[in-house]
Amino acid sequence: MMQAFLDDPMAMILLTGALVATSGALLGTFLVLQRQSMLSDAISHSIVFGIVVVWLLTHAQSGPLQIAGAALTGVLTVFLTEMVARTRRVKRDAAIGLVFPALFAAGVLLLNLYARDIHIDSHTVLLGEIGFVWLDTMPLAGLEIPQAVVWMTVATLVNLGFVLACYKELKLASFDWQLAAALGLAPTLMFYLLLGLTSVTAVAAFDAVGAVLFIAFVIVPAATAYLLTDRLSLMLLLAVLVGVVSTLCGYPLAVMMDVSIGGTMASMTGVFLLMAFVLSPRYGLLGHWLNRRVKASG
């Protein structure tokens, strides 16, 4: 019974998408609250550099070495961004725009020069192909399980454990960095752990949905939830829900229209964001319009 479920292409595609959406939303919620969401874009592109460097040094195309290399590249991206921003010659958003294209370009250049004949390529890292995840399996507990499901399950559990274990620290750092530092809650350490996990999750996801689509799952569901509630715990739940529902809605639409599955899933997150932007009772356009009408009539 279980093997039949694991052999079902549609089930594996939906499960992989839901796991990517869940793992991304758990981290993306705090990135959005800390106004650092664009760092997920920077990290998702710059990990190409880390992946290629690890391959050149060890010839490992996957596994813990690749994950460690990606995590270190994510931290390097943030470190270089902070160094550029501290010069005060450019603003922080401009610093991000300078650092991650440079690392991404270096990664693509190394790919073209030294790694043309291996599985790793910029198209795979950026776009992935979630429609084929059920074909690449590995034996585990007597079952043949898609590797994307295995690695994304691990990433989701690690991210969930991190959020549950450090919830107080993450919450305070997201709303009052100075108070968190004064109380000895190490907000800087929490920030780097958050970005390190974002890098690791991006590597786990790039074979399935690609780095570009991973960005949508990290940022958009969290931004949607931000428009709907002021409670952090509820925001986390809503972000996960939006990501999972986007996955479940995106797959049949992609099949019906014969278009990219991952792209349609990501597009559905945008649909839910637009709905929240218009219909949110407190922050949406409709809510503001109703409030103005009530004040005008009063």
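Structure: see above.
Caption draft 1: Spotlight on the packing of helix 2 (residues 9-33) against helix 11 (residues 210-228). Contact geometry of helix 2 with helix 11 gives a least axis separation of 7 Å together with a crossing angle of 60°. The pairing of helix 2 with helix 11 is recorded here as oblique in orientation. Like other packed secondary-structure pairs, helix 2 and helix 11 cross with a definite hand, here right-handed. For the pair formed by helix 2 and helix 11, the contact residues are Val20, Ala21, Gly24, Ala25, Gly28, Thr29, Leu31, Val32 and Leu33 on the first element and Phe214, Phe217, Val218, Ile219, Ala222, Ala223 and Tyr226 on the second.

Caption draft 2: Up close: the packing of aromatic side chains. One pass over the full model with this rule turns up 2 aromatic pairs. Arranged with centres 6.1 Å apart and planes meeting at 75°, the rings of Trp177 and Phe191 form a pair that is edge-to-face. Within this pair, whereas Trp177 is found in helix 9 (residues 177-182), its partner Phe191 is found in helix 10 (residues 187-206), the two being separated by 14 residues in sequence. Phe191 gets classed as buried once you look at its relative accessible area, which sits at 6%.

Caption draft 3: The environment of Met256, seen in detail. Inspection of the secondary structure puts Met256 in helix 12 (residues 232-257). According to the relative accessible area criterion, Met256 is exposed, its value standing at 62%. Separated by 103 residues in sequence, Met256 and Thr153 have C-alpha atoms that sit 28 Å apart.

Parameters and conventions
Residues numbered from 1 in each chain as written. Predicted model: local features only at pLDDT ≥ 70, side-chain atom pairs only at ≥ 80, totals over all residues. Heavy atoms only, no water. Axes fitted to C-alpha atoms, helices over the stretch in contact; angles between N-to-C directions. Helix = DSSP H or I, 4+ residues; strand = E, 2+ residues; numbered from the N terminus. Parallel < 35°, antiparallel > 145°, perpendicular 65-115°, else oblique. Left-handed = near helix turned anticlockwise from the far one by under 90°. Contact = heavy atoms within 4.5 Å. Phe/Tyr/Trp six-rings, centres within 6.5 Å; stacked < 30°, edge-to-face > 60°. Buried < 20%, exposed > 50% of the residue type's maximum accessible area, 1.4 Å probe, protein only.

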